[in-house]
Amino acid sequence: MNTLLERFLHYVSLDTQSDPDSTDRPGTPGQLSFLHLLDKELREMGWAATLHRQQYLTVRIPGNTDKAIPTIGFIAHVDTSPDVSGANICPQIIENYDGNDIVLNASRKITLRCADFPHLSQYTGQTLITTDGATLLGADDKAGVAILMELAQYLALHPELPHGDICLAFTTDEEVGRGTDGFDVADFGAQYAYTIDGGAIGELEYENFNAAIATLQVKGCNMHPGEADKTFKNALLLIEDFNRQLPADQRPETTSGYQGFYLLSQVNGSTEAAKAKYLVRDHDEAQFQNRKDFLYQTVHQLNQEYGDDTFQLHITDQYYNMQKKIAEYPIVIDKAVAALVKAGLSPVIKPIRGGTDGARLSYMGLPCPNLFTGGHNFHSIYEYISLQSMQKALEVVIHIVEGYNEA
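Residues numbered from 1 in each chain as written. Predicted model: local features only at pLDDT ≥ 70, side-chain atom pairs only at ≥ 80, totals over all residues. Heavy atoms only, no water.

(A) Structural context of the overall build of the protein. When you go through the protein residue by residue, the secondary structure sums to ten helices and 18 strands. With respect to the three principal axes, the spread of C-alpha positions in the protein is 85 × 50 × 35 Å. The buried share of the protein, taken over its 407 residues, is 53%. Summarising the internal contacts of the protein: among those between residues at least 6 apart in sequence, 79% fall at separations of at least 24. Each charge class in the protein was averaged separately, 30 positive and 53 negative side chains, and the resulting centres sit 2 Å apart. (Helix = DSSP H or I, 4+ residues; strand = E, 2+ residues; numbered from the N terminus. Buried < 20%, exposed > 50% of the residue type's maximum accessible area, 1.4 Å probe, protein only. Contact = heavy atoms within 4.5 Å. Lys, Arg positive; Asp, Glu negative; His and termini not counted. Charge placed at Lys NZ, Arg CZ, Asp CG, Glu CD.)

(B) Highlighting a nonpolar patch on the surface. The grouping of Leu236, Leu264 and Val267 at the surface amounts to a nonpolar patch, some 210 Å² of accessible area in total. When you line up the elements, Leu236 lands in helix H5 (residues 235–244). (Patch = residues over 30% accessible without salt bridge, like charges linked within 9 Å, V, L, I, M, F, W, Y side chains within 5 Å. Areas by Shrake-Rupley, 256 points an atom, 1.4 Å probe, with all protein chains shown as cover. Salt bridge = Lys/Arg side-chain N within 4 Å of Asp/Glu carboxyl O.)

(C) Local environment of the packing of helix H1 (residues 2–12) against helix H10 (residues 387–405). At their nearest, the axes of H1 and H10 sit 10 Å apart, and the two run at 105° to each other. The angle between H1 and H10 falls in the class roughly perpendicular. Contacts between H1 and H10 involve Leu4, Leu5 and Phe8 from the first element and Leu387, Met390 and Gln391 from the second. Along the lines of polarity and charge, the residues of the contact of H1 with H10 split into five nonpolar, one polar and no charged. (Axes fitted to C-alpha atoms, helices over the stretch in contact; angles between N-to-C directions. Parallel < 35°, antiparallel > 145°, perpendicular 65-115°, else oblique. Nonpolar A, V, L, I, M, F, W, Y, C, P; charged D, E, K, R; others polar.)

(D) Up close: the pattern of salt bridges. In total, this model carries 17 salt bridges according to the counting rule given. One salt bridge in this structure joins Arg7 and Glu41, with 3.3 Å as the shortest N-O distance. Of this pair, Arg7 sits in helix H1 while Glu41 sits in helix H2 (residues 29–45); the two residues are 34 residues apart in sequence, bridging distant segments of the chain. By the burial criterion, Arg7 is buried, and Glu41 matches it. Here Glu203 and Lys350 are joined by a salt bridge, their closest N and O atoms 3.4 Å apart. Here Glu203 is found in strand S10 (residues 203–205), whereas its partner Lys350 is found in the loop between strand S15 (348–349) and helix H9 (357–363), with 147 residues between them in sequence. By sharing partners, the salt bridges in this structure join Arg7, Glu41 and Glu150 into a single network.

(E) Inspection of the pairing of strand S11 (residues 210–219) at higher detail. In terms of strand pairing, S11 meets strand S13 (residues 273–282) through ten bridges, oriented antiparallel. By the bridge assignment for S13, Leu216 is matched with Ala276. (Pairing = 2+ DSSP bridges.)

(F) Layout of unusual backbone geometry. For the peptide bond that leads from Arg25 to Pro26, omega is -5°, which places it in the cis range. Mapped onto the secondary structure, Pro26 falls in the loop between H1 and H2. Asp140 connects to Asp141 through a cis peptide bond whose omega is 10°. Note that Asp141 resides in helix H3 (residues 139–157). Even without being a glycine, Arg53 presents a positive backbone phi close to 50°. When you line up the elements, Arg53 lands in the loop between strand S1 (49–52) and strand S2 (56–61). Judged by its relative accessible area of 48%, Arg53 falls in the partly exposed class. For Asn96, which is not glycine, the phi dihedral falls at a positive 50°. Assignment of secondary structure puts Asn96 in the loop between strand S4 (92–94) and strand S5 (102–105).

Here it is as C-alpha cells:
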C-alpha cells in the first residue's frame, strides 16, 4: 500500500484541472505534462506506451499465454473537475481514523462532519486522505490512474501470472465531456473494458444518465429605465421566468436513484441579452426525450407571450445510458462481480448519477462498465478517499485479469 499511496500523492500534487472553455486538446497544459510523466513511468517498467495526437495515452501489455483470452482494457482519466480549484493541493493523511469529525481547515472553519457525511463511519480504523479545505483532492480520477499504474507495475513484476493482452488508456478532458473525442477504439484493441472511475468500495456501475446540455439565449429590449413603461424587457428576468416553468421537484437536490433532473448550471448576460445553460439528465430513454421536448415546448409558449425569437433554445446530446449496450455482453458484468467476490467484497450495483468515458465508449463498440476507486464527495473541498479501498480496487482489477484467463 505504501507505493500506491506514494504514487497517488504524487499524482494529486499535479495541477491537471480541465477547462470547459478551452478549444485545445487537451484543454490545459497540465494534462499533457501528466501524460508525458505516465509515458516515462510506463517505459521505466518496461512497457512501450503511445501518446495519440497529444490527447490520450495507451499501452498494450502483451499476453504471456497461448490460451485464447479476450483482450481486456482498463481506463482512467487524468484531468480533475473545473468546479473547484485543483492547484496547490495539500492532502491530509489521517492514519487509523477514529470515526469523529475531521477538521480540514481550522482557520476557515471547514470540517468534514459525520452528521453531513454518514459514510465516514464505515472507515474507522483505516487511512483516509482528505483535502485541506481549500481545493478538491483529485481522487477523481487520480486514484484510478494510480491503481492502473500499480497494475502495470504488478504485471511487470509478476510474469508468472498468466494473462492475455491487457490495454491501458489514460484520457484527458473527461470532466468536460471530451474524454473520448478522437479515441480510436479499433486501435486500442480491447474486446471488453472497464473505467476505474467510481466511488465507494464495492461499487460496480453499468447504468448511467442519458445526458444533454441545453443552451438558452434570450433577447431583451433595453432602454432608459425612466422611459421603460410597457416597452422594456429585461433578459435576465426572462430567464428567471423560464426557470420558474421547470418543476422544482426535478432538480439535483430533490432527486436520487433513477430520477432525472434539470440543472441550471450557468447564467450570464445583461438586460439586453442573456444566456443560460442547463444540464438535462434521465436514465430512461423515453423520459430523456420528454425532458428535451418539455424545454422546447416551454420556449414556444414563452415566445407566444413575449414575442417570437425572444427565446432561442439549442440542445446537444452528450452521452447515453450504457446499460443498453452492455446488456449485449453479460460477460463484462459476470467477470467484474466474480472479481469483487474474490476480493472479499459484496458487489454494490447501482446506477451512476452522471457519466463516464465508458458511457460513450460503450456506444463506440467497446462495452465498458465502471468500477470503484474508493473515493467520496468528488468535485468538492470535502473529497476524501480510503487507502484500503484503493488497495481493494487494485485487487479487483488484478482478479479481473485472472478471471478472463479462467474463461
